[in-house]
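# Coordinates in review
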Amino acid sequence: MKKIFIIGNWKCNPTSLSEAKNLFLSINKKIKKKRKIETVICPPFVYLYPLAQLNRGHKIVLGAQDTFFEEKGAFTGQVSAVMLKDLGCKYVIVGHSEKRAHGDNDEIINKKIHILLKENLTPILCIGETKEEREKKQTFEKIKYQIQEGLRKVAKKYLHKVIIAYEPIWAIGTNKPCPPESVLTISIFIRKTFSALFGLKKTDKIAILYGGSVNADNAKRYVEEARVNGLLIGSSSLKAEEFLKIIFSFY
Ligand code: PGA
């Protein structure tokens, strides 16, 4: 049985710990632990510890939105993968377009992926094209490049540990989700790219997510029609009811 990943990316929200706790608890209270569904929440770093304390029944798995690529040392303002692991995080988003827009390039992203795999954390590598690239039909080229550079020198045995999140930039936070039929084409292309670049024979082990304006009405279609293994959800993960509806649609 293949797992379905429902991953909430809270981004830089909410603005107080009490709101974060309320949101987290209202989700934790209602969901059940299911073998088939991995419910992950990636809050801002500062909420990770307090939320871990509230995680009754460990029904929610905690993830982080980023990491630094060194373990420790004189790196003011950074949070390392070792620290995230110590707090109980299992997943870490890397290469989100909002981080790439603030300086994360493919080389930095690659370093982050290496340290995460070393620490036995699961990287969620975000890839996707801009509106302009889509119009110029450069989508395939762009995502192939991001996979190739992001996973440069990752040992073959670790490749299936990386989760790929296809997040077209034009679909993020715009209420204009990418149609499931396009996501299907891309998900097939991502698997083919893994075979072509890394010589993987079996690519069905690679988990692929879709993200970009996912809501309770369209969530299921991506898993059923685009055959992705789950969803990376921004704004709909900040509304408990909406997020719960998405989770329950897979029960
Ligand atoms: P969105 O964000 O669901 O608000 O479009 C998705 C993301 O950026 O991961």
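Preceding block: the structure.
In this text, all values refer to a predicted model and were calculated from it rather than measured experimentally.

A few words now on the site of the ligand. In the vicinity of the ligand there are 13 residues, among which Lys11, His96, Glu167, Gly173 and Ser213 approach most closely. In this structure, an oxygen atom belonging to the ligand sits 2.7 Å away from a main-chain N or O atom of Gly173. Here an oxygen atom of the ligand sits 2.7 Å away from a polar atom, N or O, in the main chain of Ser213. When isolated, the ligand has an accessible area of 280 Å², and the protein chains bury 98% of it. Here the shell around the ligand is built from residues that sort into four nonpolar, seven polar and two charged.

Let's shift gears to the nonpolar core. In summary, soluble globular proteins display a tendency toward joint burial of nonpolar side chains. Counting 67 residues, the largest nonpolar core has Ile6, Ile27, Leu151, Ile190, Phe194, Tyr210 and Leu231 as its most contacted members. When residues in this core are grouped by element, the largest group, six residues, is from helix 9 (residues 180–198). When near neighbours in sequence (up to four residues on either side) are disregarded, Leu231 contacts Phe5, Ile6, Ile7, Leu209, Tyr210, Val214, Ala219, Tyr222, Ile246 and Phe250. By size, the runner-up hydrophobic cluster in this structure holds 14 residues, among which are Phe5, Ile163, Ala207 and Leu232.

This part covers the sheet that holds strand 7 (residues 208–211). What links the strands of a sheet is backbone hydrogen bonding, and the strands pair in either a parallel or an antiparallel sense. Taking strand neighbours around the barrel as the criterion, the eight strands line up as 1-2-3-4-5-6-7-8 in a closed arrangement whose pairing is parallel. Along the sheet, successive strands turn relative to each other by an average axial angle of 25 degrees, direction set aside. Where strand 2 (residues 37–42) and strand 3 (residues 61–64) come together, two bridges link them in parallel fashion. Among the inter-strand pairings, Val40 is bridged to a residue of strand 3, identified as Val61.

Moving on, we get to the environment of Lys131. Residue position: Lys131 is located in helix 6 (residues 131–135). The exposure class assigned to Lys131 is exposed, which follows from its relative accessible area of 54%. C-alpha separation for the pair Lys131 and Ile169, spaced 38 residues apart in sequence, amounts to 7.0 Å.

The rules behind the values
- Counting restarts for each chain, with residues numbered from 1 along the sequence as it is written.
- Owing to the predicted nature of the model, reporting of local features is limited to residues with pLDDT of at least 70; listing and counting of side-chain atom pairs is limited to 80 or more, with chain, interface and lining totals taken over all residues.
- Hydrogen atoms and water are omitted, and side-chain values are computed over all heavy atoms in the structure.
- One heavy atom suffices: a residue is near a molecule or strand as soon as one of its heavy atoms comes within 4 Å of it.
- Polar contact is the term for a pair of N or O atoms within 3.5 Å; when the atoms are in protein, one must be able to donate a hydrogen and the other to accept it, and sequence-neighboring residues count only if both atoms are side-chain atoms.
- Per-residue accessibility takes into account occlusion by the displayed protein chains alone, with areas from the Shrake-Rupley method and a 1.4 Å probe.
- As a working rule, the residues Ala, Val, Leu, Ile, Met, Phe, Trp, Tyr, Cys and Pro are called nonpolar, Asp, Glu, Lys and Arg charged, and the rest polar, with Gly in that last group.
- Grouping buried Ala, Val, Leu, Ile, Met, Phe, Trp, Tyr and Cys residues that are joined through side-chain atoms within 4.5 Å yields what is termed a nonpolar core.
- Any residue under 20% of the maximum accessible area for its type is buried, any over 50% is exposed, and the rest in between are partly exposed; the area is computed with a 1.4 Å probe on protein chains only.
- A run of DSSP states H or I qualifies as a helix once it reaches four residues; a run of E qualifies as a strand once it reaches two. Both are numbered from the N-terminal end.
- Whether two residues are in contact is decided by their heavy atoms, any of which lying within 4.5 Å being enough.
- The pairing criterion is simple: DSSP has to find at least two bridges between the two strands.
- Note on geometry: axes are C-alpha line fits, over the in-contact stretch for helices, and angles between N-to-C directions span 0 to 180 degrees.

Nothing here speaks to function; it is geometry throughout.
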